[in-house]
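Summary of structural features
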Amino acid sequence: MVRHLLRDDDLNPAEQRQVLELAWRMKEDRFGVHPLAGPRSVAVIFDKPTLRTQLSFTLGVVELGGYPMVVDGNLAQIGVRESIADTARVIGRQAAAIVWRTYDQSRIEEMAQRSGVPVVNALTDQFHPCQVLADLLTVAEQHDGVEGLPGLTLGYLGDGANNMAHSYLLGGATAGMHVRIGTPAGRQPDPAILADAQRIAAVTGGSVLVTDDPAAAVAGADVVATDTWVSMGDQRAADEAEALFGPFRLDAARLAGAAPHAVVLHCLPAYRGKEITDEVIEGPQSVVFDEAENRLHAQKAVLTWLLERAGEG
């Protein structure tokens, strides 16, 4: 059966650890693994604006010995000019895998159903699993390896209904972490996703908590994460976002409530002075740019792991 990474819990705890350990090794030996030698192609499709995703996936495919077949989603108009099902079958006959940055989760799920090759979620409105794998790798580097992740506490501040909050819940619970989502009452995570995270945490020894108290979200946390207040495609006015999320801004005073050794994550782009202050993102606890680099290594590991299980690696 072809495996995909469409949401964070497509990897069980043992599989997530395998991917993270592979990413660690690939970072140490950046050019040592070539499952795409040929070169074989990976279709990398972008319906949404991109910088880090485009950089890391195109470079990653090349470093794995392959050819990144970059597709402009605005030109392809997948699901408009041609059905997702037909597009999936066309691409699946030419590419070893498909990476797609798109809108609703249903789009990438349909692509996976019809493609016949591994499909990787490079961001949807609901999930961002590659980013959270990179974040976990970054945290692991601060705690002497992947085995140091279980039991750590991650406090997230901001929009609890966005893709990063959802992926932190699922990915963090899978890693055995204690995940706290600090968000206004009107922006809580999808209840179904929260329930999935709770079921996972019950197995891994982690936990999940949603609170409208930003101080409680970060109290004693080992990791403090935030994200933009206005997600791509969200047309809320900036002043509305400021009024709603202002109390959840990650500034020096808020960070002081975390553990002294806490590290700061932000998936970028960052709007300095909004969800995070300049002194925090540029401060000694920030590992934001390590995190950005680790997208490359985590995504190379995901592709390699999936191709191996498809008999292609």
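What comes next concerns the included structure. (Residues numbered from 1 in each chain as written. Predicted model: local features only at pLDDT ≥ 70, side-chain atom pairs only at ≥ 80, totals over all residues. Heavy atoms only, no water.)

Of regular secondary structure, the chain possesses 13 helices and nine strands. Against the globule reference of 20 Å for 313 residues, the chain gives a C-alpha radius of gyration of 19 Å, in line with a compact fold. In terms of overall dimensions, the chain has a C-alpha envelope of 55 × 40 × 35 Å along the principal axes. Going through the 313 residues of the chain one by one, you find that 57% of them count as buried. A total accessible area of about 12300 Å² is found for the chain, and carbon and sulfur atoms account for 51% of it. Of note, the chain has its 26 positive side-chain charges centred 5 Å away from the centre of its 41 negative side-chain charges. (Helix = DSSP H or I, 4+ residues; strand = E, 2+ residues; numbered from the N terminus. Rg over C-alpha atoms; globule rule 2.2 N^0.38 Å. Buried < 20%, exposed > 50% of the residue type's maximum accessible area, 1.4 Å probe, protein only. Areas by Shrake-Rupley, 256 points an atom, 1.4 Å probe, with all protein chains shown as cover. Lys, Arg positive; Asp, Glu negative; His and termini not counted. Charge placed at Lys NZ, Arg CZ, Asp CG, Glu CD.)

Let us look at the packing of helix α2 (residues 52-63) against helix α13 (residues 288-309). Interhelical geometry of α2 versus α13 gives an angle of 50 degrees and a closest axis separation of 9 Å. As judged from the angle between their axes, α2 and α13 are oblique. Helix-helix and strand crossings are classified by hand; for α2 and α13 the assignment is right-handed. Within the contact between the two elements, α2 uses Arg52, Thr53, Ser56, Phe57, Leu59, Gly60, Val61 and Glu63 and α13 uses Ala292, Arg295, Leu296, Gln299, Lys300 and Leu303. (Axes fitted to C-alpha atoms, helices over the stretch in contact; angles between N-to-C directions. Parallel < 35°, antiparallel > 145°, perpendicular 65-115°, else oblique. Left-handed = near helix turned anticlockwise from the far one by under 90°. Contact = heavy atoms within 4.5 Å.)

As a further point, take the pairing of strand β2 (residues 67-72). Of the strand pairs in this sheet, strand β1 (residues 41-46) and β2 are connected by six bridges, and their pairing is parallel. Opposite alanine 43, over in β2, you have methionine 69 as the bridge partner. The β-α-β motif built from β1, the intervening α2 and the parallel element β2 has right-handed crossover chirality. (Pairing = 2+ DSSP bridges. Right-handed = clockwise from strand over helix to strand, strands pointing away.)

Looking now at helix α8 (residues 191-204). The end-to-end C-alpha distance of α8, which contains 14 residues, comes to 20 Å, matching closely the 20 Å that a straight helix rising 1.5 Å per residue would cover. For α8, the set of buried residues is Ile193, Leu194, Asp196, Ala197, Ile200 and Ala201. Around the axis of α8, the buried residues are gathered within 160 degrees of arc, so they sit on the same side. For α8, the exposed residues lying more than 90 degrees away from the buried face are Pro191, Arg199, Ala202 and Val203. The N-terminus of α8 is capped by aspartate 190, whose side-chain oxygen sits 2.8 Å from the backbone nitrogen of alanine 192. Two residues or fewer after α8 comes glycine 205, characterised by a positive phi angle close to 90 degrees. (Expected span 1.5 Å × (residues − 1). Arc of directions from axis to C-beta. Polar contact = N/O pair within 3.5 Å; in protein donor to acceptor, adjacent residues only side chain to side chain.)

For the rest of this paragraph, the subject is the sheet that holds strand β7 (residues 207-211). Taken in spatial order, the five strands line up as β7-β6-β5-β8-β9 in an open sheet, and their pairing is parallel. Of all the strands in the sheet, the pair left with one neighbour each is β7 and β9 (263-266). If you compare each strand with its neighbour and ignore which way they point, the axes differ by 20 degrees on average. Relative to β7, strand β6 (residues 178-182) runs parallel, the two sharing five bridges. Looking at the pairing, valine 179 lines up with valine 208 of β7.

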